[in-house]
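Residue-level listing of the chains:
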Amino acid sequence: MNHRRKVLSDSARVAAALVAAGWLPQRAFAQQAGAWNKAAFEAKSFGELMKAVGAGVPAESRDVTLTAPDIAENGAVVPIAVASTAAGVRTLLILVDKNPNTLAASFDVSDAVESNFSTRVKMGQSSDVFAVAITGDGRALFAKKEVKVTLGGCGG
Amino acid sequence: MADPMRIRAQAAGDKTTVRVLMSHEMETGQRKDASGKFVPAWFIQEVSAQLNGKTVMTAQWGPAVSKNPFLQFVVKGAKAGDKIGVTWVDNRGDKRTDEATVA
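Computed from a predicted model, the values in this text were never measured in an experiment.

(A) Examining the overall build of chain A more closely. Looking only at helices and strands, chain A has 3 helices and 9 strands in total. Going residue by residue from the N terminus, the α and β elements of chain A occur as α-α-α-β-β-β-β-β-β-β-β-β. Scored against the burial criterion, the 156 residues of chain A give a buried share of 51%. Summarising the internal contacts of chain A: among those between residues at least 6 apart in sequence, 61% fall at separations of at least 24. Within the structure as shown, chain A displays about 7300 Å² of accessible surface, and the carbon and sulfur contribution to it stands at 53%.

(B) Representation of the overall build of chain B in the model. The helix and strand inventory of chain B stands at 0 helices and 7 strands. Reading chain B from its N terminus to its C terminus gives the helix and strand order β-β-β-β-β-β-β. Counting only C-alpha atoms, chain B reaches 55 × 20 × 20 Å along its principal axes. Within chain B, the proportion of its 103 residues that are buried is 48%. By sequence separation, contacts in chain B at least 24 residues apart represent 55% of the contacts at least 6 residues apart. Accessible area of chain B: about 5100 Å², with a carbon and sulfur share of 48%. Positive and negative side-chain charges in chain B, numbering 15 and 11 respectively, have mean positions lying 5 Å apart.

(C) Inspection of the sheet that holds strand β2 (residues 15-21) of chain B at higher detail. Here we have 6 strands laid out as an open sheet, ordered β2(A)-β4(A)-β7(A)-β5(B)-β2(B)-β1(B), and antiparallel in their pairing. The sheet is open, and its two borders are formed by β2 (64-67) of chain A together with β1 (6-12) of chain B, each paired with just one other strand. Between one strand axis and the next, the sheet turns through 15° on average, direction left out of account. Note: β2 of chain A against strand β4 (residues 78-84) of chain A, 4 bridges, orientation antiparallel.

(D) Looking closely at the confidence of the model for chain B. Per-residue confidence for chain B gives a mean pLDDT of 86, with 99% of residues at or over 70. Scored as a complex, the prediction yields pTM 0.75 and ipTM 0.85.

(E) Up close: the environment of Met5 of chain B. All names here are of chain B. Within the secondary structure, Met5 sits in the segment before β1. Judged by relative accessible area, Met5 falls into the buried class, the value being 7%. Residues Met5 and Arg96 lie 91 residues apart in sequence; the distance between their C-alpha atoms is 8.4 Å. When neighbours within four sequence positions are excluded, Met5 is seen to be in contact with Val20, Leu21, Met22, Val86, Thr87, Trp88, Arg96, Thr97 and Asp98.

(F) Layout of empty space enclosed by the protein. Summed over all chains, the structure comprises 1 cavity of 30 Å³ or more. Considering only enclosed or pocket space, the largest cavity measures out at about 120 Å³ in volume. Residues of the lining of the largest cavity, tallied by class, amount to 6 nonpolar, 6 polar and 1 charged.

(G) Examining the packing of aromatic side chains more closely. Residues and elements named next belong to chain A. Under the counting rule described, the total for this entry stands at 2 aromatic pairs over all chains. An angle of 5° between the planes, with centres 4.5 Å apart, marks the rings of Phe107 and Phe117 as stacked. On the criterion of sequence distance, the pair formed by Phe107 in strand β6 (residues 103-108) and Phe117 in strand β7 (residues 113-121) is long-range, its members being 10 residues apart. For the pair shown, Phe107 and Phe117 are each scored as buried. Seen from their ring centres, Phe130 and Phe142 are 5.7 Å apart, and the 70° between their planes marks the pair as edge-to-face. Taken together, the positions of Phe130 in strand β8 (residues 127-135) and Phe142 in strand β9 (residues 140-151) put the pair 12 residues apart, joining distant regions of the chain. In this structure Phe130 comes out as buried when scored by relative accessible area, which is 0%.

(H) Structural context of the environment of Val82 of chain A. Residue and element names in this part refer to chain A. Considering the arrangement of structural elements, one finds Val82 in strand β4. It is 7.4 Å that separates the C-alpha atoms of Val82 and Val64, two residues lying 18 residues apart in sequence. Those residues within four positions of Val82 in sequence are excluded, and the remaining contacts are Thr65, Leu66, Leu92, Leu93, Ile94, Ser115, Asn116, Phe117 and Ala131.

What counts and how
Residue numbering note: each chain is counted from 1, following its sequence as written. Written order decides the labels, with chains lettered from A and ligands numbered from 1. The predicted nature of this model means local features are confined to residues of pLDDT at least 70 and side-chain atom pairs, given and counted, to a pLDDT of 80 or more, with totals for whole chains, interfaces and linings taken over all residues. Processing note: side-chain calculations cover all non-hydrogen atoms of the structure and skip hydrogens and water entirely. Helix and strand definitions follow DSSP, with helices as H or I runs of at least four residues and strands as E runs of at least two, each counted in order from the N terminus. Under the scheme applied here, a residue whose accessible area is under 20% of the maximum for its type counts as buried, over 50% as exposed, and between as partly exposed, the area being computed with a 1.4 Å probe on protein chains only. Pairs of residues are marked as contacts when any of their non-hydrogen atoms sit within 4.5 Å. Per-residue and other accessible areas were derived by the Shrake-Rupley procedure at a 1.4 Å probe size, with only the shown protein chains allowed to occlude residues. Counted as positive: Lys and Arg. Counted as negative: Asp and Glu, with His and the chain ends omitted from the count. Charge placement uses NZ in Lys and CZ in Arg. For Asp and Glu, CG and CD serve respectively. Any two strands with at least two DSSP-identified bridges between them are counted as paired. A fitted line through C-alpha atoms serves as each axis, taken over the contacting stretch for helices, and the angle formed by two N-to-C directions is quoted from 0 to 180°. Confidence scores here are pLDDT values: one per residue, from the predictor, ranging 0 to 100. Cavity and pocket criteria rest on a 1 Å grid covering protein atoms alone: a 1.4 Å probe that fits but cannot get out defines a cavity, protein on both sides within 12 Å along at least 5 of 7 lines defines an open pocket, and an atom within 4 Å of a point defines a lining residue. Grid points are joined across faces, edges and corners, and a volume is the space filled by probe spheres set on the points. In this count, Pro and Cys sit with the nonpolar residues alongside Ala, Val, Leu, Ile, Met, Phe, Trp and Tyr, while Asp, Glu, Lys and Arg are called charged and the others, Gly among them, polar. Only rings of Phe, Tyr and Trp enter the pairing, Trp through its six-membered ring, and a pair is recorded when the two centres are within 6.5 Å. The plane angle decides the type: under 30 degrees is stacked, over 60 is edge-to-face, the rest tilted.

Quick look at the structure:
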């Protein structure tokens, strides 16, 4: 268990450098609770997550916008806005790299809404935050921003 | 049953900005109580929005979304007087739907 824990924490670090696309062995996520993508929300690294949502290797893109504060005083409420101008965007994801589970929220874009969402997330510690836009043909575009957290959002 | 959501939908031309404030604990399952036991996870998993009864947006959330979640999105083609409905379902199967009128 300890070894595995180390593997997982290492993988998070590697994923930050975005060279870890799928090197971790896929864990067996047998059941899926309804439409909620359990595998995606339990993913602990960027690469694992991209596999769980069925996207290719992500590429940094100017078509994706991530609005987040440089310094978040309170990690329990960090305002995050994601938007994309790329054509054919199907899903927008908010990722916090160093949280226990990388994926924070996933938004499905339809023709009737703009690919532009704002919400608030928790951050355990200072970390890179990613906005990922996944297009209908499986391309993944992302934008990245480092957010420094003064007071963590995990723990009581 | 959880407290009602606060929903505000404001039209500006063709676009309507919808702001939603939900009332939910959003427990992550990582926190321990005073006796050292983990507080079980309790969070909203699915959110959907309807314009006049037709679903326009769905979202899946993890426990990393903040307590009493805030959500803002933009609906195209809604007019003043249209109904915007928002529904959430949490991991215990509780759900809540609230409605607001586009202003």
